[in-house]
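Chain and residue survey
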Amino acid sequence: MIASIAFRRFKALRQTRVELSPFNLVIGPNGSGKTSLIEAVLRLRTLSALPPSERPFAQRHEGPEIEFTFAPPWADLTAKLGCESDLICDTLRREPPAAAGWPALCRELTTIRGYALDHAAMAQASRQGEGRHLAADGSNLAAVLAQLQARVPAAFAELTAEITRLMPEFQALEIKAWPDERVEFGLHLAEAGVVPAAELSQGTLALVAVLALAFDPEPPRILCIEEVDRGIHPRMLREIRDTLYRLSHPRVPGPRARTVQIITTTHSPYFIDLFRDHPEEVIVSQKHGRAAKFERLIDRPDLPELLREGSLGDMWFSGILGGIPEEP
Amino acid sequence: MKVALLSESPADETALRVLVGAVLKATPRFVAPGFRARGWPNVAQVMPAVLRHLHFNTDTDALVVVVDADDSVVHVAAHDRPGYYHPHCRMCQLRALHRQTTKKLPMAHGRSRVMRVVGVAVPAIEAWYLCGRDASVSEEVWVTDRENGRTPYTRAELKFRVYGTDRPSLPYEIECALREVERHRHDTRRLEHDFPGFAALAVDLRAPRKAAPSPGRTS
């Protein structure tokens, strides 16, 4: 979907460009532009939903600039975000402006979604009618599950089967609707009793949310998730990766399969280990002072030798791969 | 017989359970959950601690360790001569680790040490899965081609041949692994013939049933 993003003067991303794959794992120290990358993608979504600006695109020479290119069939289109400051990016320039592909591309871009899941928000009750898409913090998780159960029972059954496979202590996902339109969910223990969402662990809630995204009947074209490993046991991370791969690399590829481009971040060496066979999916954010640059792991010429010496996560932690905090 | 497994993934562990049972021609008791390492060299890092834990805290008879050879030096008969140790051969390294870890342990749970059972899949466990259905995959093919400067297949190619994708989900990987090792459930001779790295595991596994070696024995 998005082939590359070039940043100039945008927060820590002073002058850098990153090429994106169907799946992208971004690693690096705090404040190295991982979230800014996702933020840029979400701004593209927001501006794509608006009609083309009639205001002439006057690039402020000192202002931030973000340029997007796209994968086929939109390889000939470029979108450039013009910003007054890091906080105000309100102009989208489309090049070439009259290209026939823009309406279709913009429709796809408006489906982009970004997540920073919040366990406290996910555990709360939500309003039944607000479950079409999972909210950015997961706060309508209960409503999303309720709608899935009502509208696509087969997908709900699959999701439940996945939950019980991954957490065999549970045997069912239960939705409880209240007369005042509130809806809650809980997990039914295999032994007896229901654990309400408010009492589920952070990792369990995160797992349910990621699965809800995977079984979304209307998936976005691009899915951004901050720290997808948060709260998840290291031995379960393979399942998280596989769940996301299900979206980015559908089992039966083809024109009818909807591929979701994934952009996610992590600080977990254990999660990074899982990309040993696909280092092309790892993007390292290198921070030098206040500026950061993106580098693709696959571009390191000595990578095969490094992988013979140890795991990818250990190599990253050691500092050999970069993407580590500067020390005083 | 009580057996512990140290492997890289739940799929490997599931397949190894079948293969261990096939070699022993009986279903041993397995220590659950299995021990896990994050690939080489992490397996070598955790193995001493796993061995000591099993020795003192359990009545486990044997620890089965299987690693992928990747691009490392493949174990050959010449490495087995007394006192020899190849520093870049994973079989030699794991055997030495076992020897060093167990040689000074006191008796516990009625045995002098947890037995060593080491296998090395050349170049990856998917090669074992293809044994008996893809004649172009064997340890000899790998070694010969590499000696001639060729790489007969990559890890990714082996995954494609087994799973039809290089990004299999875990349940699908387990399903495929179980389907493939089913060929060897009643007879492991072909696997032992084509993959000496598996034959070494089988020899180790059968050894404790004959006689428990003394703690001072060298590999």
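Right above here is the structure, for reference.
Summary of the structure given here. No experiment lies behind these values; they were computed from the predicted model shown.

1. As for helix α7 (residues 170-181) of chain B
Taking 1.5 Å per residue as the helical rise, α7 of chain B with its 12 residues ought to reach 16 Å, and the 16 Å between its terminal C-alpha atoms agrees with that figure. Residues of α7 of chain B that are buried in the fold lie against α1 (10-24), α4 (125-130) and α6 (155-163) of chain B.

2. Quick notes on the interface of chain A and chain B
Chain A puts 13 residues into the contact, and the matching count from chain B is 13 residues. Per-element tally for the side of chain A that touches chain B: the top contributor is helix α7 (residues 237-248) of chain A, with five residues. Tallied by class, the residues present in the side of chain A that touches chain B amount to one nonpolar, three polar and nine charged.

3. Details of the pairing of strand β6 (residues 89-95) of chain A
Residue and element names in this part refer to chain A. In this structure, strand β5 (residues 78-83) lies alongside β6, joined through six bridges in antiparallel fashion. In the strand pairing of β6, L81 is matched with L92. Linking two consecutive strands that pair antiparallel, namely β5 and β6, is a turn of five residues.

4. Remarks on the environment of K103 of chain B
In this fold, K103 of chain B is placed in the loop between α3 (90-102) and β5 (115-121). Residue classification places K103 of chain B among the partly exposed positions, given that 13 C-beta atoms sit within 10 Å.

5. Concerning the packing of helix α4 (residues 141-151) of chain A against helix α6 (residues 202-214) of chain A
Residue and element names in this part refer to chain A. The interhelical angle for the contact between α4 and α6, taken along N-to-C directions, is 45°, at an axis separation of 11 Å. When the interaxial angle is binned, α4 and α6 end up oblique. As for how α4 packs across α6, the hand of that crossing is left-handed. Residues L141, V144 and L145 of α4 form the contact with α6, whose own contacting residues are V208, A209 and A212. Taken together, the residues of the contact of α4 with α6 break down into six nonpolar, no polar and no charged.

The rules behind these values
- Residues numbered from 1 in each chain as written.
- Chains lettered and ligands numbered in written order.
- Predicted model: local features only at pLDDT ≥ 70, side-chain atom pairs only at ≥ 80, totals over all residues.
- Helix = DSSP H or I, 4+ residues; strand = E, 2+ residues; numbered from the N terminus.
- Expected span 1.5 Å × (residues − 1).
- Contact = placed C-beta atoms within 7 Å.
- Nonpolar A, V, L, I, M, F, W, Y, C, P; charged D, E, K, R; others polar.
- Pairing = 2+ DSSP bridges.
- Buried ≥ 20, exposed ≤ 12 C-beta atoms within 10 Å, placed from the backbone.
- Axes fitted to C-alpha atoms, helices over the stretch in contact; angles between N-to-C directions.
- Parallel < 35°, antiparallel > 145°, perpendicular 65-115°, else oblique.
- Left-handed = near helix turned anticlockwise from the far one by under 90°.

Purely geometric stuff here, so don't read any function into it on its own.
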